[in-house]
Every structure is written in structure tokens, then in C-alpha cells.
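Fold and geometry: a report
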Amino acid sequence: MMKTNLDTLVPAYVREFEPYIPSKPDDELKKLYGCQNLYRLNNNENPLGPPPGAQEIIRRFSPPRGAVYPSGDSYYLRQEIGNINGIDPDQVVVGNGANEVIAFVVKAFCQQGDNIITTDKTFAVYEWVATFSGIKAKLIPLKNERFDDQAMLESIDENTKVIFICNPNNPSGTYWSKDTLIAFLDALSGRQMVVVDEAYFEFVENEDYPNGISLIKDYPNLIVFRTFSKMYGIAGLRIGYLAADLAVADMIRRTCVVYSVNTTAQEAALACLRDDTGHIAKTRALVCASRAFLREELAKLNLPIIAGEGNYLIVRLPGSDTLAYRKLMREGIMIRPMTGFRYPNDIRVTLSKMEAMEAFIAALKKMLET
Ligand SMILES: *Cc1c(COP(=O)(O)O)cnc(C)c1O
């Protein structure tokens, strides 16, 4: 047999990277845990699904179109994003989920020896993409559950290329106000790129919450991420985008693989943006009611929570989060154990339909009693 020496072929930073293990399909999980029904409260999905216009696009996809390549640069979708935000469509780069645009940015700006800065308790993909690309990720601890602007500024060195801010943060729900973000950008004076990940932008209603895209004209080092996976309910179609200064977007576009965004995703995303049935308002109302319900019920159980913006909250358990995952799964409740996010003993729960919230509380009570 021929031999292949992976130790010499594969860079150390890939060999040493601990792979992410995706969850099994729902049907397999149901068999494994012996539950009939499964409430998915682990991925911050929208239980209302996509808005009606997007549902129609998905239903009507004509099979022969499966043979035809999609628009290579999401042409019509970028036009609409440009119109809505008052920017040039060429400032927009669309990807196979916001996850893919993270990789575009790291590829465009970082080479061996460079580093990125983010925090230890946030969406882990920034750190992962950097690490398996051989780029160091400096993780600056949160301060009072918030990104620590001062400590991040102090940790910048001559090799720092990109700073990733998750606003609001997944999972802590905290966010930087417009004043905080502007002061941070002013302090950098354009020397590093700043990514503001606004995956939960559409959930935040507070006056002082900044719309990153509106700041790009003043700060050409700013890159803003948005996704159709959360509020717009098309996570399964995989589509997200970034907006940046024209020259920046032009550089980033060089690093993306064309045709990674499929036709249905592009057309459904366009329909999401054109929704006039109040999908966002309905989703916000549902999230708000569920957050209030869980606050009250978890207080009765004396379980501390971290809750802010976004369609999720964190619950601190008296015992192991991974054990809680298994016990709750047996009751048909799937939550996100937070050890991987460096919150040991905590779980993150998606704010979903009331029926699911009630089932979660019932399962939690049962777990705490046994
Ligand atoms: C869900 C999520 C994303 C990724 O979204 P996709 O578009 O589905 O890849 C990005 N950032 C944060 C903070 C998220 O929670």
C-alpha cells in the first residue's frame, strides 16, 4: 500500500486544530434519546420560519433551474441591499452564510505572523477560522459580559489586522452603543480592520444601538456582517453578507469562491428584505414574550440568567451543562451546552414559541428534582 505522510503534508496549525463536531440529524437524535418530539432551542433559529414571500420562492423553485448556475455575485440581492442601506451594491459581498464571509475577511487581510483580536466568550467561528488558517487569535476576556474596548485597544500590536466585535454578542446579549463603537473606531484611526458582526441586528430595538452599515462612509476600515439565518428564518439555505467600503469590498471579493451562494437562497433572501407582512414585528413580539416568561420562571427556580438582546439567553445551572444536555434531550428539548463557549455549567436557550418555552421549563424542573 502507498503511504501518505500527513505529518509533513499538513501544516501543524491544521493538524493540531480540534475539529468541530456537528450535531446528528434530528431523526437520529430522536432515536438516540428516545423522544417523539424535538424542540430545537440550540441554534437561535426563528420558529416562525421564513416570511411568506420567501416561502413562496422556496415552494415554486422550478426543477430544471437546478441545472443552471446561480448569479455568481448575487446581483439582484446586492442591488436591494444597496438600495435599502443607501450604499453602492458593489460594497456588498454575499456568502454561503455569514460563516463564509468570516473566512473571506481572514483570507483577504491575514498572512502568517498576523493576528486577530476578539473575545473568549463569543461566536467561536472568528477564532476557529483564524486558528486553522495559521493566524493567532488573541482573546480578550469580556468585562461585565461586554466586549472590553480598552483592553482590546491595549492588546493591539503591529501584527494585528482584524478585530472582531459581535454586536449584540452571542451568547451574552450585550452590545456596544453607537458612542462606544465610534469612540473605538476613532481610537484606531484606520490602522486595523474592524468587523462588527450584526447577525442579530433585526432583533435590537434600542435607540442607542448602532447600524454599522451607516458608519462605513466615515470609517473605511469597518466591515459589517449580516445574515438571513436568524431573523429571516432561512438558515437552511445558507446566506449572509458583508458590507464595507468600496475599495475594501473589492479586495475581499478577490478571496471568495464564485457560485457558493445558490439560486434559491439569493431569491428567498431578496423576498425576505421585501416582506411587508410584519414578519420582523411578529418575531420580535414572540421573542419578547418568551424572554419575559423565562425570566420569571427561571427566577422562581433560583437559576441565574444572562439575558440581553437577541433571540437567546444563558441559564446558569448548578451542575454540568453537558449532562443537562443529555437529560433535556430525553425530554425532547435541545439546548446549547456552553462549555465550548467557555461558560462552564451554562446553557444557551433560543427564545422560541411559548409552547417550546413551557416544555423547556417543565423538563428543567424535572431535571432539577431528580
Ligand atoms: C448564527 C451566527 C452567524 C452565522 O450565521 P450564518 O449566516 O448562518 O453562517 C454569525 N455570527 C453570529 C454571531 C451568529 O450567531
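This structure is a prediction, so every number in the text was calculated from the model and none was measured.

1. So, the sheet that holds strand β2 (residues 92-95)
Strand order in the open sheet made by the 7 strands is β2-β8-β7-β6-β5-β3-β4, with mixed pairing throughout. With one partner strand each, in any of the chains shown, β2 and β4 (136-139) form the two edges of the open sheet. Averaged over neighbouring strand pairs, the angle between their axes works out to 20° when direction is ignored. The pairing of strand β7 (residues 222-227) with strand β8 (residues 240-244) spans 5 bridges and is antiparallel. Its bridge partner lying in β8, F225 is registered against L242. Running over the sheet, helix α7 (residues 125-132) touches β3 (115-118), β4, β5 (160-166) and β6 (193-197) and is turned about 145° from β4.

2. Things to note about the environment of D90
Take D90: it is sitting in the loop between α5 (75-85) and β2. Residue D90 is classed as partly exposed on the basis of its relative accessible area of 36%. Through-space distance from the C-alpha of D90 to that of T339 is 40 Å; in sequence the pair is 249 residues apart. Discounting chain neighbours no more than four positions away, the residues touching D90 are R78, L246, A249 and R253.

3. Quick word on the pattern of salt bridges
In the structure shown here, the tally under the stated rule is 20 salt bridges. In this structure, R40 and D26 form a salt bridge, with 2.7 Å as the shortest nitrogen-oxygen distance. In this pair, R40 is assigned in strand β1 (residues 39-40) and D26 in helix α3 (residues 26-33), connecting sequence segments 14 residues apart. Take R40: its relative accessible area is 29%, and that puts it in the partly exposed class. The class of D26 is partly exposed, set by a relative accessible area of 23%. A salt bridge links D157 to K138, with the nearest nitrogen and oxygen atoms 2.8 Å apart. Pair noted here: D157 is in the loop between α8 (149-154) and β5 and K138 is in strand β4, with a separation of 19 residues, a long-range link.

4. Regarding the sheet that holds strand β13 (residues 346-350)
Across the sheet, 4 strands lie side by side as β9-β10-β13-β12; this open sheet has antiparallel pairing. Of all the strands in the sheet, the pair left with one neighbour each is β9 (305-306) and β12 (336-337). Relative to β13, β12 runs antiparallel, the two being bridged by 2 bridges. Across the sheet, residue R336 finds its bridge partner in β13, namely R348. Sheet contacts for helix α12 (residues 279-300): β9, β10 (312-316) and β13; angle to β10, the most-contacted strand, approximately 10°.

Each value, and the rule that gives it
- Residues numbered from 1 in each chain as written.
- Predicted model: local features only at pLDDT ≥ 70, side-chain atom pairs only at ≥ 80, totals over all residues.
- Heavy atoms only, no water.
- Pairing = 2+ DSSP bridges.
- Helix = DSSP H or I, 4+ residues; strand = E, 2+ residues; numbered from the N terminus.
- Axes fitted to C-alpha atoms, helices over the stretch in contact; angles between N-to-C directions.
- Contact = heavy atoms within 4.5 Å.
- Buried < 20%, exposed > 50% of the residue type's maximum accessible area, 1.4 Å probe, protein only.
- Salt bridge = Lys/Arg side-chain N within 4 Å of Asp/Glu carboxyl O.

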